[in-house]
Every structure is written in structure tokens, then in C-alpha cells.
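Examining the three-dimensional arrangement
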Amino acid sequence: GSYATVPDSPALQQSGGFTLQCWIYPTTPELGAQGILTKWAPSQDSGYGLFIDENGSLALWLADSGGNVERVSTGVPLRAAQWYFAAGVYDAASRRVSLYQQPVTIWPRDDSRAVAQSNVQLSTVTQNDVPLLMAGYWGAEDTGKGIVAGHFNGKIDGPRLYGRALSAEEIA
């Protein structure tokens, strides 16, 4: 699969609050964990990322310096071959995560729209030196070289990273 990398920089070291958002068109959300916008290093249990989780739902993954990992999900599977506005917000001050999974086209009996909020235990996110990936996440290291895993199947448009937690009004 194809993916894009953004080299590590101080602007990507989001230890406090932040917001990840983009438009996505998942083609196979049921195929397991897929990275959308990630700065995730599973070998170090560090970083953050917007994902499609194992259940096909939008999720935000966070890790702190103690090796604690929190994975917050909407719990509502995305529909294949449909455009969505997707956003994950981490507010470090209130220790709250908000997820927005909003289909562009709403069909009768469409239950794929979700807004989820959850309190987390993490007061900060661990920094790491891996690049930001679009359409994947860093997998296990093979002979000292990082490999990209969890390729996103679909399209990503207008990716954004804000250095603070946006409010619901700003997201709207």
C-alpha cells in the first residue's frame, strides 16, 4: 500500500492537547487496524494516532511515558466506500477524548454517524522520533529498521493536525 511520511519535527511532538482531522473514504474498514494519521511507535509504546480499529470504527490511540496505552473508539463501524469527516481530539487538561465520525451522505437507516467522548487516565502523550504517517502506522521493527504496517485502504483528503484541542463548535 502507499503512504506518506512527514519527518519528525518539534511541531509534531504533541504531548499536550491536539486535534487530528481529515476526510476519509474507507474501502475495507472491516479488515482490522488501519492507520489514518499516526505518530505511533508500538515498539516504544509511545505516540498518538487516528485509526480505524479492529472493529471498523474510528479510534484515537494515545500512549504516555509509563507505557500506558489508551484506545478510544466510536464503537460504530464505518461503511465501506463512503466519505466521512473524521476527527480525534485529545484535551490533556481535562483528560478527555472526543471522536467525530460523520458521513458526508446520510442515508435512511444510516447508523454510521457517531460522536463519542471518553475520559482517559493520560495527562500527557509520550513523544517519539518516528515520522508522522498518513495511511499507515509504524509496525514492529525488523532488523533495526522500522516498517509500515496497518495500511489504510481508501482515500484521505485534507489531513490536519492542530496543536490544541478544538471545541465542538470549531469542529462543526
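Structure: above.
Structure report, in brief. (Residues numbered from 1 in each chain as written. Predicted model: local features only at pLDDT ≥ 70, side-chain atom pairs only at ≥ 80, totals over all residues. Heavy atoms only, no water.)

For the structure shown, the criterion picks out three salt bridges. A salt bridge links Asp 8 to Lys 39; the nearest nitrogen and oxygen atoms lie 3.1 Å apart. In this pair, Asp 8 is assigned in the loop between strand 1 (4–6) and strand 2 (18–26) and Lys 39 in strand 3 (residues 34–41), connecting sequence segments 31 residues apart. Where Arg 164 meets Glu 170, a salt bridge forms, and the shortest distance between an N and an O atom there is 2.7 Å. A relative accessible area of 43% places Arg 164 in the partly exposed class. Taking the relative accessible area as the measure of exposure, Glu 170 reaches 40% and is therefore partly exposed. (Salt bridge = Lys/Arg side-chain N within 4 Å of Asp/Glu carboxyl O. Helix = DSSP H or I, 4+ residues; strand = E, 2+ residues; numbered from the N terminus. Buried < 20%, exposed > 50% of the residue type's maximum accessible area, 1.4 Å probe, protein only.)

With antiparallel pairing, six strands are arranged side by side in an open sheet as 1-10-3-4-5-6. Because the sheet does not close on itself, it has two edges, and the strands there are strand 1 and strand 6 (69–77). On average, adjacent strands in this sheet sit at an angle of 10° to one another, irrespective of strand direction. One ladder, built from six bridges, connects strand 5 (residues 57–63) with strand 6; its direction is antiparallel. Considered in strand 6, the bridge of Leu 62 is made with Glu 70. (Pairing = 2+ DSSP bridges. Axes fitted to C-alpha atoms, helices over the stretch in contact; angles between N-to-C directions.)

What follows is about the packing of aromatic side chains. Considering all chains together, one arrives at nine aromatic pairs under this definition. Here Trp 40 and Trp 61 contribute two aromatic rings whose centre-to-centre distance is 5.6 Å and whose plane-to-plane angle is 65°, an arrangement assigned as edge-to-face. Highlighted residues: Trp 40 in strand 3 and Trp 61 in strand 5, separated in sequence by 21 residues. You'll find Trp 40 and Trp 61 in the same group, each marked buried. (Phe/Tyr/Trp six-rings, centres within 6.5 Å; stacked < 30°, edge-to-face > 60°.)

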